[in-house]
Amino acid sequence: MAETAANPTVETGGEDGETRRDFLLLATSAVGVVGTGLAVWPFIDSMNPSADVLALASTEVDLSAIEEGQSITITWRGKPVFVRHRTEDEIAQAKKDDSATLIEVQKDEERVQKEQWLVIVGVCTHLGCIPLGQKATDPKGEFGGWFCPCHGSHYDTSGRIRKGPAPKNLEVPPYAFIDDETIKIG
Amino acid sequence: MSEVNWKNPVIKWVDSRLPVFSMMHHSTAGYPTPKNLNYWWNFGSLALTVLVIMILTGVFLVMNYTPHTSMAFDSVERIMRDVNYGWLLRYLHMNGASMFFIVVYIHMFRGLYYGSYRAPREILWAVGLLIYLAMMATGFLGYVLPWGQMSFWGATVITNLFSAIPLVGDPIVTWLWGGFSVDNPTLNRFFSLHYLLPFVIAALVGVHLWALHTVKSSNPLGVEMKTEADSIPFHPYYTIKDLYGVGLFMIFFLAFVFWAPNFFGEPDNYIEANPMVTPAHIVPEWYYLPFYAILRAFTADAFIYLPFQLLFITPKLAGVIAMFGAIIILFFLPWLDRSPVRSAKFRPIYKQFFWLFFIDCLILGYVGAKPAEGILVVVGQWATLYYFAHILVIIPLLSKFEKTRPVPDSIASAVTKTAKTEEA
Amino acid sequence: MRKIILSAVAALALTAGTAQASGDAVELHKQDWSFNGLFGHYDQAQLKRGFQIYKEICAGCHSLRLVAYRNLQAIGFTEDEVKEIAAEYEVPAGPNEFGEIIEDGELRKRPAKPADKFVPPFANELAAKAGNGGSLPPDLSLMNKARKGGPDYVYGLLTGYLEEAPEGVEMPDTMYYNKVFPGHQISMAPPLYAEAVEYEDGTEPTLDNHAKDVVAFLNWAAEPELEERKSMGLKVMIFLIVLTAMFYALKRRIWADVH
């Protein structure tokens, strides 16, 4: 079977014909590309959090049962969150450490809304393990806060990284006091 | 195959190690296609378009679907209500299935009309039939997944058919079910197979195109390409024509998706599967209806059952054999049809029988949709008989005795002779 | 010849459709729903009235388990109003700190939150049947899509009760005659009547309005995406028509030398 080499750029009326077709080709291609982009978006967006997942994006926590010196762990968006009712000593130490050498510089008052309540995401900022320190019998590291057993990161009473491989302080999630005894996280 | 001299050094480097670019060129800009193809030739590329849409939407649907009887129905509703654009993905997939069959049926009827199955395209035709069989399996499996009433009862009816096989029928059905009725094991394995088969279809499509490129396209005249004057390169002529066809098709397809998304469906499938309640009328999806009619036509008192009765075959088994047989006999068309002329364009008698056959298929579809009562019972039996008569008797007879019209020498001579575009 | 074939196909396609009830085909009166047609949309005020009817009448027996309270924001309630509505209902709470799910002899419960799905009137199917003389009131979340005729069928059913069965039709005392229900005998007593519910927006509380409002609400429950779907459809269609026209123009240009 002989190969046909019909030239697609055959003149259809001289210069004018060619430029007209080129413009049409360009315009059609442009519209086609836009259309393809618009068509691709629903597929990508379908992978974003769905409405039912977003509805569970916030959790309310009752603080009234947490005594001074106690910590509880709640689940928020699938992650553990430490809610600690700090003692006077812990608060004082945290404020004193504002002037210590910090790996990620942050003042304690930037990390709390009411100083006796520390709300932090219990996920080590190194590689994601859950630090120990919630229970009274847990090791708390050299700075009185939390200690991550995976690679030895030490966090202080404000949840700041003080020693070890973690690069950042324990994350403070968005939260608000609905009333004196309840916070809403997320 | 002429060698392409690539100017771009990167392309040259890649191509000399893996000839992707040469292959692309060989199948498009360097591929001779008859210059007289009409729009009935668009349906192959449309079928490929729909296959891609089905696989894409399917993969994204699976990200949110759970194939367990306790969660399947609800997971589909979660897709419809909570997943971003989930309703769009679901309706695209659901209506895409119907579109796939509409496109493929037109594609097949094109083949029947123009003699596309004739030598040297027997294998091309056979691979096409394999694709069709795989599509029917895929569609059946997929319809079970939403776990609605029709999902469950359609699965029950069709899997029960296998019990008609003598001796090993019942063990086979138990094996298919993975239990003693359609239940969770069945749903899970149907899910696995439904995900698998489309890729088998994709591979078969590859073989289908390979076979096509070996023998090249036929054309409305049924006269093979002989000289350069008969052909034009696939690219840009048919690439743009196919794109235009895709545009028209998408308008048709999306009209259903956005404004009549449940037109092809059954309301009963919006009721969760209940093994204790059988719906008043179990109906398969529309694209199975003609075969459903053939299956049901073989009752103990049907006249078409007689030959099977003589062979000690039960009516149920007769129906199953006839149903599958209706597709199997199509494989033999290239040998049943021995007419010296390929295309119905030059076969005035065959042309009329073609349309009668088409109407017969519509009648079978209608009978399949309705309850097997009243006059429709007899109509179904005669329509079934006619179906087989057309393929097994009429076509061979016609091919021997029909007085055909004179066929043009070449495409080029035919095209220059007529002023207007050839009509199908 | 082909024209005849194609019109035959069209005629067949229109009449064939799906298989249906043997014998009597019930004529459904097509209503003029706001959500029908190319530009279909919901009337929020109507959806709120329909929700009121569902809540005050239907919810006594029929669950709406696929709809969450938070979805009600789509029909015009504020976030706080939704919280209030949800809090009227109770859902099982998890175990207490001792791992008990039964407290003081009763299942632990908590007020529903917006994220919760509508609380069903009965704990399970058996309780539902026991409370309804052996019949199971179906869930209504998909009712408008689960019956042939859709909203017209549901409307027809709600307005299709007859006080007495027609001549010659025998009916047990526990059943009611309905023009539209398949078999004409339905175990649900007529749920709607004029002034069954007091509307706050001044709409006349006729049986017809009640029926229309609740059917519109049920349509939203079954197809909450309808408005987005149809408006997206319009935009997509216009885009496609333009793009296809451009493809056609390009095709004619490229093929000019062949024709």
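Residues numbered from 1 in each chain as written. Chains lettered and ligands numbered in written order. Predicted model: local features only at pLDDT ≥ 70, side-chain atom pairs only at ≥ 80, totals over all residues. Heavy atoms only, no water.

Peer 1: Account for the overall build of chain A, naming residues and giving values.
Peer 2: Broken down by element type, chain A carries four helices and nine strands. Taken from the N to the C terminus, the helices and strands of chain A come in the order α-α-β-β-β-α-α-β-β-β-β-β-β. Here chain A holds 186 residues, and the buried ones make up 37% of them. Carbon together with sulfur atoms contributes 57% to the accessible area of chain A, which is approximately 10,200 Å² in total. (Helix = DSSP H or I, 4+ residues; strand = E, 2+ residues; numbered from the N terminus. Buried < 20%, exposed > 50% of the residue type's maximum accessible area, 1.4 Å probe, protein only. Areas by Shrake-Rupley, 256 points an atom, 1.4 Å probe, with all protein chains shown as cover.)

Peer 1: How would you sum up the overall build of chain B? Please name residues and give values.
Peer 2: The number of helices and strands found in chain B is 17 helices and two strands. Taking 22 Å as the expected radius of gyration for a compact globule of 424 residues, we find that chain B reaches 24 Å, a close match to that expectation. C-alpha atoms of chain B, sized along the principal axes, occupy 65 × 60 × 40 Å. The 424 residues of chain B split such that 55% are buried. Partitioning the contacts of chain B with sequence separation of at least 6, the portion at a separation of at least 24 is 79%. Carbon and sulfur atoms make up 72% of the accessible area of chain B, which amounts to about 19,100 Å² in all. The positive charge centre, built from 27 side chains, and the negative charge centre, built from 24, are 11 Å apart in chain B. (Rg over C-alpha atoms; globule rule 2.2 N^0.38 Å. Contact = heavy atoms within 4.5 Å. Lys, Arg positive; Asp, Glu negative; His and termini not counted. Charge placed at Lys NZ, Arg CZ, Asp CG, Glu CD.)

Peer 1: So what about the interface of chain C and chain B? Which residues, and what values?
Peer 2: At the interface, 48 residues of chain C touch 51 residues of chain B. Of the roughly 4,400 Å² buried between chain C and chain B, counting both surfaces, carbon and sulfur atoms make up 70%. At the junction of chain C and chain B, the tally comes to three salt bridges. Between Glu272 of chain B and Arg65 of chain C there is a salt bridge whose closest N-O contact spans 3.0 Å. Seen at the junction of chain C and chain B, the total is 12 residue pairs in polar contact (both at pLDDT 80 or more). Of all elements in the fold, only helix H1 (2-16), helix H5 (143-146), helix H7 (207-222) and helix H8 (226-255) of chain C reach the threshold of two or more residues within the side of chain C that touches chain B. When residues of the side of chain C that touches chain B are assigned to their parent elements, the largest contribution, 17 residues, is made by H8 of chain C. Of the residues in the side of chain C that touches chain B, the class split is 27 nonpolar, eight polar and 13 charged. (Buried area = accessible area lost by both parts, 1.4 Å probe. Salt bridge = Lys/Arg side-chain N within 4 Å of Asp/Glu carboxyl O. Polar contact = N/O pair within 3.5 Å; in protein donor to acceptor, adjacent residues only side chain to side chain. Nonpolar A, V, L, I, M, F, W, Y, C, P; charged D, E, K, R; others polar.)

Peer 1: Now, about the environment of Val320 of chain B: what can you tell me, with residues and values included?
Peer 2: All names here are of chain B. Looking at the element boundaries, Val320 is found in helix H13 (residues 315-328). Assessed through its relative accessible area of 10%, Val320 is described here as buried. Val320 sits 24 residues away from Arg296 along the chain, and the two C-alpha atoms are 9.0 Å apart. Every residue in contact with Val320, bar those within four places of it in the chain, is listed here: Leu161, Ala164 and Leu295.

Peer 1: Account for the sheet that holds strand E5 (residues 144-148) of chain A, with residues named and values stated.
Peer 2: Pairing between the strands of a sheet comes from backbone hydrogen bonds, and it takes one of two forms, parallel or antiparallel. Residue and element names in this part refer to chain A. The antiparallel open sheet is built from three strands, whose spatial order is E5-E6-E7. This sheet does not close on itself; its edge strands, each paired only once, are E5 and strand E7 (161-163). Across the sheet, the mean angle separating the axes of adjacent strands is 35 degrees when strand polarity is ignored. (Pairing = 2+ DSSP bridges. Axes fitted to C-alpha atoms, helices over the stretch in contact; angles between N-to-C directions.)

Peer 1: Account for the state of the cysteines, with residues named and values stated.
Peer 2: If you walk through the whole model with that rule in mind, you get one disulfide over all chains. Across the disulfide, Cys129 of chain A is cross-linked to Cys150 of chain A (sulfur-sulfur distance 2.1 Å). Judged by the torsion about the S-S bond (-95 degrees), the Cys129 of chain A/Cys150 of chain A disulfide is left-handed. Of the two residues, Cys129 of chain A sits in the loop between strand E4 (117-121) and E5 while Cys150 of chain A sits in the loop between E5 and strand E6 (153-156), which places them 21 residues apart along the sequence. According to the relative accessible area criterion, Cys129 of chain A is partly exposed, its value standing at 23%. A disulfide-free cysteine, Cys61 of chain C has its sulfur positioned 9.1 Å from the sulfur of Cys58 of chain C, the nearest such atom. (Disulfide = S-S within 2.5 Å.)

Peer 1: Tell me what's going on with the domain arrangement of chain B, and back it up with residues and numbers.
Peer 2: All names here are of chain B. Under the domain assignment, chain B is made up of domain 1 (43-282) and domain 2 (294-424). Taking only C-alpha atoms, the centre of domain 1 and the centre of domain 2 are 23 Å apart. Opposite the 36 residues of domain 1 that make contact, domain 2 presents 36 residues. Each partner contributes to the roughly 3,200 Å² buried at the junction of domain 1 and domain 2, and carbon and sulfur atoms together form 71% of this total. Looking at the side of domain 1 facing domain 2, the largest losses of area belong to Tyr113, Arg118 and Leu221, adding up to 25% of the total buried there. Where domain 1 touches domain 2, the interface holds two salt bridges. The interface formed by domain 1 and domain 2 holds 15 residue pairs in polar contact (both at pLDDT 80 or more) in total. At the level of elements, helix H5 (86-114) and helix H6 (122-144) are the ones that each hand at least two residues to the side of domain 1 that touches domain 2. In terms of residue class, the side of domain 1 that touches domain 2 is made up of 23 nonpolar, seven polar and six charged. (Domains from an automatic or database assignment.)

Peer 1: Got a sec to walk through helix H2 (residues 44-56) of chain C? Specific residues and values, please.
Peer 2: An α-helix turns once per 3.6 residues; consequently, residues spaced three or four apart project the same way. Residue and element names in this part refer to chain C. With 13 residues, H2 ought to run about 18 Å at 1.5 Å a step, and its terminal C-alpha atoms sit 18 Å apart, in line with that. Three or more residues of H2 are buried, namely Gln46, Leu47, Arg49, Gly50, Phe51, Gln52, Ile53 and Tyr54. If you follow the buried residues of H2, they end up packed against helix H3 (79-87) and H7. (Expected span 1.5 Å × (residues − 1).)

Peer 1: A description of the packing of aromatic side chains should follow, citing residues and the corresponding values.
Peer 2: For the structure shown, the criterion picks out 56 aromatic pairs over all chains. Here the aromatic cluster, defined as three or more aromatic residues joined through ring pairs, consists of Phe101, Tyr105, Tyr132, Phe252, Phe256, Phe263, Phe264, Trp286, Tyr287, Tyr288 and Phe291 of chain B. The ring centre of Phe77 of chain C lies 4.6 Å from the NZ or CZ of Lys48 of chain C, which sits over that ring. We note Arg49 of chain C situated over the ring of Tyr199 of chain C; from NZ or CZ to the ring centre the distance is 5.6 Å. (Phe/Tyr/Trp six-rings, centres within 6.5 Å; stacked < 30°, edge-to-face > 60°. Lys NZ or Arg CZ within 6 Å of the ring centre and 35° of its normal.)

Peer 1: Let's hear about the interface of chain C and chain A: which residues, and what values?
Peer 2: Chain C puts 12 residues into the contact, and the matching count from chain A is 16 residues. Around 1,300 Å² of area is buried between chain C and chain A when both sides are counted, 76% of it from carbon and sulfur atoms. Viewed at the interface, chain A and chain C are joined by zero salt bridges. The tally of links between chain C and chain A comes to zero residue pairs in polar contact (both at pLDDT 80 or more). By residue class, the composition of the side of chain C that touches chain A is nine nonpolar, no polar and three charged.

Peer 1: Describe the pattern of salt bridges, with residues and values.
Peer 2: Pairing between side chains of opposite charge can happen when their charged atoms approach one another. Under the definition given, this model contains 27 salt bridges over all chains. Close ionic contact of Glu77 of chain B with Arg81 of chain B constitutes a salt bridge, the shortest N to O distance being 2.9 Å. Here the residue Glu77 of chain B and the residue Arg81 of chain B both occupy positions in helix H4 (residues 72-81), the gap between them amounting to four residues, near one helical turn. Per residue, the accessibility class of Glu77 of chain B equals that of Arg81 of chain B, and both read buried. With its nearest N and O atoms 2.7 Å apart, the salt bridge here joins Arg49 of chain C to Asp201 of chain C. Of the two residues, Arg49 of chain C is situated in helix H2 and Asp201 of chain C in the loop between strand E7 (185-186) and H7; the sequence distance between them amounts to 152 residues. Residue classification places Asp201 of chain C among the partly exposed residues on the basis of a relative accessible area of 42%. One salt-bridge network, in which partners are shared between bridges, spans Asp97, Asp98, Asp156, Arg160 and Arg162 of chain A.

Peer 1: So what about the packing of helix H8 (residues 169-177) of chain B against helix H9 (residues 184-215) of chain B? Which residues, and what values?
Peer 2: Residues and elements named next belong to chain B. Contact geometry for H8 and H9: axes closest at 7 Å, N-to-C directions at 75 degrees. Looking at the two axes, H8 sits roughly perpendicular to H9. Where H8 abuts H9, its residues Trp175, Leu176 and Trp177 lie against Pro185, Thr186 and Arg189. Across the contact of H8 with H9, the residue classes break down as four nonpolar, one polar and one charged. (Parallel < 35°, antiparallel > 145°, perpendicular 65-115°, else oblique.)

Peer 1: Give a detailed account of the sheet that holds strand E9 (residues 182-185) of chain A, specifying residues and quantitative values.
Peer 2: Residue and element names in this part refer to chain A. Here three strands make up an open sheet; going across it, the order is E1-E9-E8 and the pairing antiparallel. Every other strand in the sheet has two partners, leaving strand E1 (59-62) and strand E8 (175-179) as the edge strands with one partner each. With strand direction ignored, the average angle separating the axes of adjacent strands in the sheet is 30 degrees.

Peer 1: An account of a negative patch on the surface is needed here, citing residue identities and associated values.
Peer 2: A surface patch of negative charge is lined by Glu60, Asp62, Asp179 and Glu181 of chain A. Residue placement: Asp179 of chain A occurs in strand E8. (Patch = residues over 30% accessible without salt bridge, like charges linked within 9 Å, V, L, I, M, F, W, Y side chains within 5 Å.)

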